[in-house]
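Structural characterization, general
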Amino acid sequence: MIQNSELILNPDGSVYHLNLRPEHIAHDIIFVGDQARVEKITQYFDTIEYSTQKREFKTQTGTYKGKRMSVLSTGIGPDNIDIVLNELDALVNIDLETRQPKENLTSLNIIRIGTSGSLQADIPTESFVMSRFGLGTDNMLRSYDATSVSIREIEDAFIQHTQWSADKGRPYVTRCSDALADRIKGPRMHEGITATAGGFYGPQGRVLRLAVQDPELNGKMDNFEFEGVKITNLEMETAAIYGLSALLGHNALSLNAIIANRALGTFSENPEKAVAELIAYTLDKLAER
């Protein structure tokens, strides 16, 4: 039996941080970072059957074109993803009354919709990026035994290319769900590696008053390539989502609307339009029978 200190439940039986019970979530779940973006997606729903919020974790469940879906805000960073993925898995794969893992496990479909800046000149603003791989520099997944899901060949190539400091821990690389990727892909999608950082400033090479360990790291990441696949963008969630989903047996895919191009120094003239188009595209793909 899983102890109370390990799986914390609220008085109403909901999981501690997400404030959800098993009946509150759908099989298909869309992740967003910002809680304000939840309703930017659910405004397109036909119905909304349940809504709750605790801290930065806001969830709404309803139907779109007859398809039941949930939209959940994760907040920012791999540490929040650790909370969200473990608690969602507990909702479907642990009997919350007996506190025992279920014999028959459920695989959720999880799609992240975010915004990001492109690292490559040939990925323009207003385009979409589908992350075939997540490259984590944050170390969160290393708290688990991730050897079964990490791709050591890409990790080794990245470490050698960037002369990665061992003091920062070993980067990890995990793959998206190919089944979800095949379901969502389209001509507007660029594919590649999405790098995930554990912070917004130093971990992404931004300098305010503190020097970073490797001032050349961003440039090295820009020109990293493994068997023709490049790092397309840099953000703070994708690799953590892919790693934990793979370990727990869920299907995960990360999509980004590109609102800036760092290689060209350009920014979208209408970033909200790009995000709205990605939302509509993703909802329609999920609703297809």
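Below you will find a few notes about this structure. Just so you know, the residues in each chain are numbered from 1, in the order the chain's sequence is written. Given that this is a predicted model, residues contribute local features only at a pLDDT of at least 70 and side-chain atom pairs are listed and counted only at 80 or more, while totals for whole chains, interfaces and linings are drawn from all residues. Calculated side-chain values reflect all of the structure's heavy atoms, with hydrogen atoms and water omitted.

Some thoughts on the pattern of salt bridges
Salt bridge, as used here, is a side-chain nitrogen of Lys or Arg placed within 4 Å of a carboxyl oxygen of Asp or Glu. Counted according to the given criterion, the structure contains 20 salt bridges. Among the salt bridges present, the one from Arg 21 reaches Glu 23, with a minimum N-O distance of 2.9 Å. A 1.4 Å probe rolled over the protein chains alone gives each residue an accessible area, and that area as a share of the maximum for its type sets the label: buried under 20%, exposed over 50%, partly exposed in between. Taking the relative accessible area as the measure of exposure, Glu 23 reaches 45% and is therefore partly exposed. Here Glu 191 and Arg 132 are joined by a salt bridge, their closest N and O atoms 2.7 Å apart. With a gap of 59 residues between them, Glu 191 in strand 10 (residues 189–196) and Arg 132 in strand 8 (residues 128–136) connect regions that are remote in the sequence. Here the salt bridges share partners, and the residues they tie into one network are Arg 132, Arg 175, Asp 178 and Glu 191. Strands are runs of DSSP state E lasting at least two residues, helices are runs of H or I lasting at least four, and both sets are numbered from the N terminus onward.

Re the pairing of strand 12 (residues 229–235)
For strand 12, a buried count of 5 out of 7 residues is recorded, marking the element as mostly surrounded by other parts of the structure. Where strand 10 meets strand 12, 4 bridges bridge the pair, whose relative direction is parallel. Its bridge partner lying in strand 12, Thr 196 is registered against Glu 235. Relative to strand 12, strand 11 (residues 225–226) runs antiparallel, the two sharing 2 bridges. Its bridge partner being in strand 12, Phe 226 is matched across the sheet by Val 229. Two strands are counted as paired when DSSP detects at least two bridges linking them. Linking strand 11 to strand 12, which pair antiparallel, is a turn of 2 residues; within it Glu 227 sits at a positive phi near 50°.

Overview of a nonpolar patch on the surface
A patch consists of residues whose relative accessible area exceeds 30% and which take part in no salt bridge; residues with like charges are grouped when within 9 Å of each other, and nonpolar side chains (Val, Leu, Ile, Met, Phe, Trp, Tyr) when within 5 Å. Only the protein chains shown count as covering a residue, and every accessible area follows the Shrake-Rupley method with a 1.4 Å probe. On the surface, Phe 200, Tyr 201 and Leu 208 cluster together into a nonpolar patch covering about 350 Å² of accessible area. Mapped onto the elements, Leu 208 comes out in the loop between strand 10 and helix 5 (217–222).

As for the side chain of Glu 155
You can see Glu 155 is positioned in helix 3 (residues 152–162). N or O atoms within 3.5 Å of each other form a polar contact, as long as, within protein, one can give a hydrogen and the other can take it, and as long as residues adjacent in sequence are counted only when both atoms are side-chain atoms. Of note is the side chain of Glu 155, whose polar atom sits 3.0 Å from the side chain of Arg 170. We call two residues in contact when some of their heavy atoms are within 4.5 Å. Residues in contact with Glu 155, not counting those within four places in the same chain, are Arg 142, Ser 150, Arg 170, Pro 171, Tyr 172 and Val 173.

Some remarks on the layout of surface pockets
Cavities and pockets were defined on a 1 Å grid built from protein atoms only: a cavity is a group of points that admits a 1.4 Å probe but offers it no way out, a pocket is an open group of points flanked by protein on both sides within 12 Å along at least five of seven lines, and a lining residue is one with an atom within 4 Å of any such point. Grid points are joined across faces, edges and corners, and a volume is the space filled by probe spheres set on the points. Put simply, the largest pocket is a space of about 600 Å³. Lining of the largest pocket is provided by 26 residues; of these, Thr 115, Ser 116, Phe 200, Gln 204 and Leu 234 occupy positions nearest its centre. Its residues assigned to classes, the lining of the largest pocket shows 9 nonpolar, 10 polar and 7 charged. Of the volumes computed, that of the second largest pocket is approximately 290 Å³. Broken down by element, the residue count for the lining of the second largest pocket peaks at 6 residues, all from helix 2 (residues 78–93). Polarity classes work like this: nonpolar for Ala, Val, Leu, Ile, Met, Phe, Trp, Tyr, Cys and Pro, charged for Asp, Glu, Lys and Arg, and polar for all others, with Gly in that last group. Here the lining of the second largest pocket is built from residues that sort into 8 nonpolar, 3 polar and 4 charged.

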